[in-house]
Amino acid sequence: MFSAIKYKSGCLELIDQRLLPLEKKWVTCSDLESVAIAIEDMVVRGAPAIACVAAYGLAMDAFLSNTTNWEDYRSDFIKNCERLKKTRPTAVNLFNLISDAKNFLDSFEDKIPMSKVKTDLEKWADGFFDNDLETCRAIGEVGLSIAGEKKISILTHCNAGSLATAGYGTALGVIRSLHAVGQLNYVFVDETRPYMQGTRLTAFELIEEGIPFSLQVDSAAASTLASGHVDWVVVGADRIASNGDTANKIGTYALAILAKYHGVAFYVAAPVSTFDFNARTGEDIPIEQRPAEELTSFGGHPIAAPGTEVINPSFDVTPAELITGIITEEGVIRAPYPDHIATLME
Ligand code: MRU
């Protein structure tokens, strides 16, 4: 298991996830704008990883600043937060991170020297990263606790692994934890059209870990579920509303319907930082539209007739009623979701 994010003293490096698994190339971000572009262009992706990179981006910009005190730097900091908020709209971890950062810095006196702001922001970003890693491990343990003595076969979609988090992963964290104790039977990985996170990233992580799996086209999920070879579908999440409706990679909703039809448990694995307590239902979740070229070309080569109209929503919303449970670091949340999520918020 490796992390896709490295930060030290004003230097932020990201593994370029667009090139994996063929090339392991690290990209250096040298200012806040390059961090924002790395998020927009999917050098880094996955809800918790985006938030970790945003935290380091804020710390890096402060570290490199020539201003002398917080009062002079505050407007730059606010500008940076606003820029990061414009990168990708669906994963709420980014927005939760930015409001945390603002609350943290509101406690600073105007005349506090930049040297202190720099140290405190770096500590805060490191703490955020370490906490995400611990949270993912805890999600894995909670997932393991619901397996009982059984060996489990899992179908997963997209990439909710080390690459999508500080490390370990959420849905892949559950898979890793089961594998570590010999309770993982097999994994079915959806290729995840159109951006191929399953083919490029999840398959890569599973190969590295020696976890047994097969890659399948997304449309094979129905027959795989019908075969009786899957115990659980486990996916990550980008934003969970207060009633349990969950936004995740496009195709997740279809999988949840298939799982219900075939009587297979459907779990979402996500940290508490993926809940949006301000979103009442899935209707309040903004869905990112990605560029048409993701559909009209393949590997950089055009494949659709010029002029083809495209809809390319990057995420869909799975209604809470289709979800067996949400595996968080605090335990498994089950229906009735509004009550249990309200308790979580408290
Ligand atoms: O567009 P992406 O690759 O950022 O989408 C990622 C997902 O949908 C993941 O399932 C989600 O962010 C959870 S990652 C732990």
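Before going into details, it helps to say that this report is about the structure given with it. (Residues numbered from 1 in each chain as written. Predicted model: local features only at pLDDT ≥ 70, side-chain atom pairs only at ≥ 80, totals over all residues. Heavy atoms only, no water.)

## Brief notes about unusual backbone geometry
Working step 1: R193 connects to P194 through a cis peptide bond whose omega is 0 degrees.
Working step 2: Of note, P194 is situated in the loop between strand 5 (184-190) and helix 7 (197-209).
Working step 3: Residue P336 is bonded to the preceding A335 through a cis peptide linkage, with omega at 0 degrees.
Working step 4: As for its position among the elements, P336 is in the loop between strand 15 (331-333) and helix 11 (337-345).
Working step 5: One non-glycine residue with positive phi stands out, namely M42, at about 70 degrees.
Working step 6: Structurally, M42 can be placed in the loop between helix 1 (32-40) and helix 2 (47-64).
Working step 7: On the accessibility criterion, M42 (2% relative accessible area) is buried.
Working step 8: The backbone of T192 shows a phi angle near 70 degrees, a positive value even though the residue is not glycine.
Working step 9: For T192, a relative accessible area of 0% gives the class buried. (Helix = DSSP H or I, 4+ residues; strand = E, 2+ residues; numbered from the N terminus. Buried < 20%, exposed > 50% of the residue type's maximum accessible area, 1.4 Å probe, protein only.)

## What to know about the environment of P212
Working step 1: Among the structural elements, P212 can be located in the loop between helix 7 and strand 6 (213-216).
Working step 2: Residues P212 and L184, 28 residues apart in the sequence, show an inter-C-alpha distance of 8.8 Å.
Working step 3: In this structure P212 touches H179, N185, Y186 and V187, once residues within four positions along its chain are discounted. (Contact = heavy atoms within 4.5 Å.)

## Focus: the side chain of S177
Working step 1: Tracing the chain through its elements places S177 in helix 6 (residues 171-180).
Working step 2: A polar atom in the side chain of S177 sits 2.7 Å from the side chain of Y168.
Working step 3: The residues touching S177, leaving out its near neighbours within four places in the chain, are G140, E141, L144 and Y168. (Polar contact = N/O pair within 3.5 Å; in protein donor to acceptor, adjacent residues only side chain to side chain.)

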